[in-house]
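# Chain and residue survey
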Amino acid sequence: MNGTSRSDIKKGLSVSIVLKQEQRSGRLTDGIVKDILTNSPSHPHGIKVRLESGAVGRVKVINE
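This write-up is about the structure you can find in this document. (Residues numbered from 1 in each chain as written. Predicted model: local features only at pLDDT ≥ 70, side-chain atom pairs only at ≥ 80, totals over all residues. Heavy atoms only, no water.)

## Details of the overall build of the protein
Rules: Helical segments are the DSSP runs of H or I of at least four residues, strand segments are the runs of E of at least two, and each set is numbered from the N terminus. Radius of gyration means the value over C-alpha atoms here, while the globule rule gives 2.2 Å times the residue count to the 0.38 power. Residue burial is assigned from relative accessible area. The probe radius is 1.4 Å, only protein chains are included, and a residue is buried under 20% of its type maximum, exposed over 50%, and partly exposed in between. Surface exposure here means Shrake-Rupley accessible area, sampled with a 1.4 Å probe, where a residue is shielded only by the protein chains that are shown. Residues counted as positive are Lys and Arg, residues counted as negative are Asp and Glu, and His and the chain ends are not counted. Where a charge lies is defined by one atom per residue type, namely NZ (Lys), CZ (Arg), CG (Asp) and CD (Glu).
Along its length, the protein carries zero helices and four strands. Along the protein, from the amino end to the carboxyl end, the secondary structure elements read β-β-β-β. A compact globule built from 64 residues should have a C-alpha radius of gyration of about 11 Å, and the protein, at 10 Å, falls within 12% of that. Structurally, the protein occupies a C-alpha span of about 25 × 25 × 20 Å along its principal axes. Here the protein holds 64 residues, and the buried ones make up 33% of them. About 4,100 Å² of surface is accessible on the protein, with carbon and sulfur atoms providing 48% of the total. Averaged over its 11 positive side-chain charges, the protein has a centre that lies 9 Å from the centre of its 6 negative ones.

## Considerations on the pattern of salt bridges
Selection rule: The term salt bridge refers to a pairing of a side-chain nitrogen on Lys or Arg with a carboxyl oxygen on Asp or Glu at a separation within 4 Å.
Using the criterion set out here, one finds two salt bridges in the structure. Note that Glu22 and Arg27 form a salt bridge whose closest N and O atoms lie 3.1 Å from each other. With relative accessibility at 18%, the residue Glu22 sits in the buried group.

## Some remarks on the environment of Leu19
Applicable threshold: Any two residues having at least one pair of non-hydrogen atoms within 4.5 Å are treated as being in contact.
Mapping Leu19 onto the fold places it in strand β1 (residues 14–19). Taking the C-alpha atoms as reference points, Leu19 and Val56, 37 residues apart in sequence, are found 6.3 Å from one another. Among all residues touching Leu19, those that are not within four sequence positions of it are Thr29, Ala55, Val56 and Gly57.

## Details of the sheet that holds strand β3 (residues 48–51)
Using the following cut-off: At least two DSSP bridges between two strands are needed for those strands to be called paired. Only the stretch in contact is used when a helix axis is fitted, and all axes are lines through C-alpha atoms; the angle between N-to-C directions ranges over 0 to 180 degrees.
Here four strands make up a closed barrel; going around it, the order is β1-β2-β3-β4 and the pairing antiparallel. Taken pair by pair, the neighbouring strands of this sheet meet at an average axis angle of 70 degrees, ignoring direction. Taken together, the five bridges between β1 and strand β2 (residues 28–36) define a ladder with antiparallel strand orientation. In the strand pairing of β2, Val15 is matched with Gly31.

These figures come from the coordinates and say nothing about function on their own.
The structure is reproduced here in structure tokens:
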């Protein structure tokens, strides 16, 4: 599952995000969703979230 639809993402979900400074390299950071920051129902580059670690980025992969 990719992270372009807000309805697929819930607090407490395990995800992989790309941080703003890592967008060129595409390096992913794993974590648990603390807050959903994107208000629109979908976003082509991924829904922006804040992880419990405090990292902010766009969801690329929803870990099952």
